[in-house]
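# Reading the structure
Each chain, written out:
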Number of protein chains: 2
Amino acid sequence: MIKVNLIGAGNVAQHLIQVFQKNPFFEIQKIYCRKPFILEELISLDKVTSNIAELTPADVTILAVSDQSISELSSKIPFENQLVVHTSGSCAMDVLDPKNRRGVFYPLQTFSKNKPLNFSEIPLCIESEGMNDLVTLKKMALQLTEKIYNINSQQRQALHVSAVFVSNFVNHMYVLGNEICQENKIPFEIFHPLIAETAAKIQSISPREAQTGPAKRQDMETLNKHMDFLNQSDKKEIYKLITQSILNKNVKEL
Amino acid sequence: MIKVNLIGAGNVAQHLIQVFQKNPFFEIQKIYCRKPFILEELISLDKVTSNIAELTPADVTILAVSDQSISELSSKIPFENQLVVHTSGSCAMDVLDPKNRRGVFYPLQTFSKNKPLNFSEIPLCIESEGMNDLVTLKKMALQLTEKIYNINSQQRQALHVSAVFVSNFVNHMYVLGNEICQENKIPFEIFHPLIAETAAKIQSISPREAQTGPAKRQDMETLNKHMDFLNQSDKKEIYKLITQSILNKNVKEL
């Protein structure tokens, strides 16, 4: 059994609270957040404090807060030489105050409040200053998933940028496609199978092999037709730039 | 039962041949393509000809060829006043030679040679000049899928441009993410769950609701960190432009 303090009440914190409560390996010792009532549907409020000075040492203290708050909050933790980790993809381990033993426990997933997640499908990226602490983090991670990766701070930065491409930017492509549909009275659901298949392909073949479409085929006639169609400037610029990038990769392949 | 002529031997044609052969509702009367041997593993070669003049009238003749070839090949069809359709997302119905009754039978999906497809999951977009022919196309489509949409040529153009965004450009985001991973010795499989979840979200919530990430949060610190990280110019330009587009949508929401 492992005793956990949690700092934060956002998406990641809420998902962690739910998964920790379901698993007897974890005991939530205390949660600190500014507005405890936010959590009243998830956990008994006697476990929650709005005074960080009330936290006491636990096996691990997890800061699941915005990147900007990690440094300051970690310095306000009222104990020393304990294992303290953050859950951020984009912050280095050393943004944590060095008075505690530092680590990272980064679940690589997109968290939406209203959609339940299967944690066992989520890769957990762990890092720590000391080997013993890495063992602790690995034990915790193994309770949640089989997908555990040792990722150092530099790699995690690369990982986070890649995640923006393969998730946030992908979703924005859905947003733009949806807008074109709405303007032309086409139900967006028509794309559900295509979207599912495009993502499913990647599980078995490489993205390069999976590329299709007019830019991949160097089908200039279709590309020009699409450019004429897109007279709204923001979509046209994006269409142009991504198309050029696909064309450039083709050239490199020759 | 419906008798079908097919013109073409590419991805779409090959998938249609396979699905028509499995379904007793369809009889493939003849296939025309330039190099019949390409199809020798799919169908008996006495069904295939390299001489388009050998085609005879059927209930429907399907041109599953490149956009550039539709017009010319449709004019070489050696009969008149029959139902002739193309399968292109980006060509209007009237690129077909008017000597035959024209229509469109467009499966909205990404076709890769090496990956089998479940046709029942594929939306079919149909269009025709006459109502009787639309009934025929609908009967055919119903044998393959329940997802049938009446889409006119102008809407199909919009659909095709949207499809480039939600599929081809999405895949290119995977390509770019994969390159960043390779440069930093991170296995791309770490993203499989995130990619699957990002696509799965869209089946139940709108793309706008599903948007997450530093641009959506207007987290300028992370955005600047990522820009610093991306010193390779092609990815940096794309990062900048898509981020700006997400930021612009936020502003419109306020």
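Residues numbered from 1 in each chain as written. Chains lettered and ligands numbered in written order. Predicted model: local features only at pLDDT ≥ 70, side-chain atom pairs only at ≥ 80, totals over all residues. Heavy atoms only, no water.

## Quick look at the relation of the copies chain A and chain B
Overlaying chain A on chain B yields an RMSD of 0.0 Å, the required transformation being a rotation through 180° with an accompanying axial translation of 0.0 Å. Here the symmetry operator amounts to a two-fold rotation axis. Residues of chain A ranked by C-alpha distance from the rotation axis are headed by valine 170 of chain A, positioned 2.5 Å from it. With an isologous cut-off of 70% or more, the 100% of interface residues of chain A that recur at the interface of chain B puts this contact in the isologous class. (Least-squares fit on C-alpha atoms with pLDDT ≥ 70 in both. Contact = heavy atoms within 4.5 Å.)

## As for the nonpolar core
Ranked by size, the top nonpolar core spans 78 residues in total, and within it Phe165 and Phe191 of chain A together with Phe165 and Phe191 of chain B carry the most contacts. When near neighbours in sequence (up to four residues on either side) are disregarded, phenylalanine 191 of chain A contacts Cys181 of chain A together with Leu108, Leu159, Ser162, Ala163 and Val166 of chain B. Judged by nonpolar contacts, the second largest core, of 35 residues, contains Val4, Val48, Ala64 and Ile126 of chain B. (Core = buried A, V, L, I, M, F, W, Y, C linked by side-chain atoms within 4.5 Å. Buried < 20%, exposed > 50% of the residue type's maximum accessible area, 1.4 Å probe, protein only.)

## As for helix H4 (residues 153-183) of chain B
Residue and element names in this part refer to chain B. In a regular helix each residue adds 1.5 Å, so 31 residues correspond to 45 Å; H4 covers 44 Å between its end C-alpha atoms and thus fits that length. Largest kink in H4: about 35°, centred on valine 164. Most of H4 sits inside the fold, with 27 of its 31 residues counted as buried. For H4, the capping residue at the N-terminal end is asparagine 152, with a side-chain oxygen 3.1 Å from the backbone nitrogen of glutamine 154. Just downstream of H4 lies lysine 185, where phi reads positive at about 55°. (Helix = DSSP H or I, 4+ residues; strand = E, 2+ residues; numbered from the N terminus. Expected span 1.5 Å × (residues − 1). Bend = angle between axes of the 7 residues up to and from the residue. Polar contact = N/O pair within 3.5 Å; in protein donor to acceptor, adjacent residues only side chain to side chain.)

## A look at the interface of chain A and chain B
Listed per partner, the contact involves 88 residues of chain A and 88 residues of chain B. At the boundary of chain A with chain B, the tally comes to four salt bridges. Connecting chain A to chain B are 34 residue pairs in polar contact (both at pLDDT 80 or more). Broken down by element, the residue count for the side of chain A that touches chain B peaks at 26 residues, all from helix H4 (residues 153-183) of chain A. The class makeup of the residues in the side of chain A that touches chain B is 44 nonpolar, 27 polar and 17 charged. (Salt bridge = Lys/Arg side-chain N within 4 Å of Asp/Glu carboxyl O. Nonpolar A, V, L, I, M, F, W, Y, C, P; charged D, E, K, R; others polar.)

## Describing the sheet that holds strand E3 (residues 48-49) of chain B
All names here are of chain B. An order of E3-E2-E1-E4-E5-E6-E7-E8 is seen for the eight strands of this open sheet, with the pairing classed as mixed. Two strands bound the open sheet, and with one partner strand each, they are E3 and strand E8 (148-150). When strand E5 (residues 83-86) meets strand E6 (residues 101-107), the two strands line up parallel, connected through four bridges. Bridged to histidine 86 within E6 is valine 104. (Pairing = 2+ DSSP bridges.)

## With respect to the packing of H4 of chain A against helix H7 (residues 220-229) of chain B
Contact pair H4 of chain A / H7 of chain B: the axes reach a minimum separation of 10 Å and the direction vectors enclose 105°. By the angle between their axes, H4 of chain A is roughly perpendicular relative to H7 of chain B. Within the contact between the two elements, H4 of chain A uses Gln157, Ala158, His160, Val161 and Val164 of chain A and H7 of chain B uses Thr222, Lys225, His226 and Phe229 of chain B. Split by residue class, the contact of H4 of chain A with H7 of chain B holds four nonpolar, four polar and one charged. (Axes fitted to C-alpha atoms, helices over the stretch in contact; angles between N-to-C directions. Parallel < 35°, antiparallel > 145°, perpendicular 65-115°, else oblique.)

## Some points on the confidence of the model for chain A
Of all residues in chain A, 95% have pLDDT values of 70 or greater, and the mean over the chain is 93. Among the scores for the predicted complex, ipTM is 0.85 and pTM is 0.85. (pLDDT = per-residue confidence, 0-100.)

## Here's the deal with the sheet that holds strand E6 (residues 101-107) of chain A
Residue and element names in this part refer to chain A. Sheet architecture is open: eight strands sit in the order E3-E2-E1-E4-E5-E6-E7-E8, paired in mixed fashion. Bordering the open sheet on either side are strand E3 (48-49) and strand E8 (148-150), each of which pairs with just one other strand. The sheet contact formed by strand E1 (residues 2-7) and strand E2 (residues 26-32) spans six bridges and is parallel. Its bridge partner being in E2, lysine 3 is matched across the sheet by glutamate 27. Sitting on the sheet, H4 is in contact with strand E5 (83-86), E6, strand E7 (124-128) and E8, with an inclination near 25° to E6.

## As for unusual backbone geometry
Most of the time, phi is negative for any residue but glycine, and the peptide bond is trans. All names here are of chain B. We note that asparagine 81 has phi near 55°; this positive angle belongs to a residue other than glycine. With respect to the helices, strands and loops of the structure, asparagine 81 is situated in the loop between helix H2 (67-76) and E5. You can call asparagine 81 partly exposed: its relative accessible area is 49%. Even without being a glycine, lysine 185 presents a positive backbone phi close to 55°.

## Comments concerning the side chain of serine 245 of chain B
Tracing the backbone through its elements, the reader meets serine 245 of chain B in helix H8 (residues 233-253). Discounting residues that sit within four places of it in the chain, serine 245 of chain B has contacts with His172, Leu176, Asp234 and Ile238 of chain A.

## Concerning the packing of aromatic side chains
Under the counting rule described, the total for this entry stands at twelve aromatic pairs over all chains. Both rings, one in phenylalanine 25 of chain B and one in phenylalanine 26 of chain B, keep their centres 5.1 Å apart while their planes meet at 85°; by these two values the pair is edge-to-face. Each member of the pair, phenylalanine 25 of chain B as well as phenylalanine 26 of chain B, is classed as buried. Ring-pair connections join several aromatic residues into one group, and the members of that group are Phe20, Phe25 and Phe26 of chain A. (Phe/Tyr/Trp six-rings, centres within 6.5 Å; stacked < 30°, edge-to-face > 60°.)

## Some thoughts on the environment of isoleucine 122 of chain A
All names here are of chain A. Structurally, isoleucine 122 is set in the loop between E6 and E7. Counting along the chain gives 24 residues from isoleucine 122 to glutamate 146, while the straight-line C-alpha distance between them is 8.5 Å. Setting aside its immediate chain neighbours within four residues, isoleucine 122 contacts Pro107, Leu108, Gln109, Leu117, Thr145 and Lys147.

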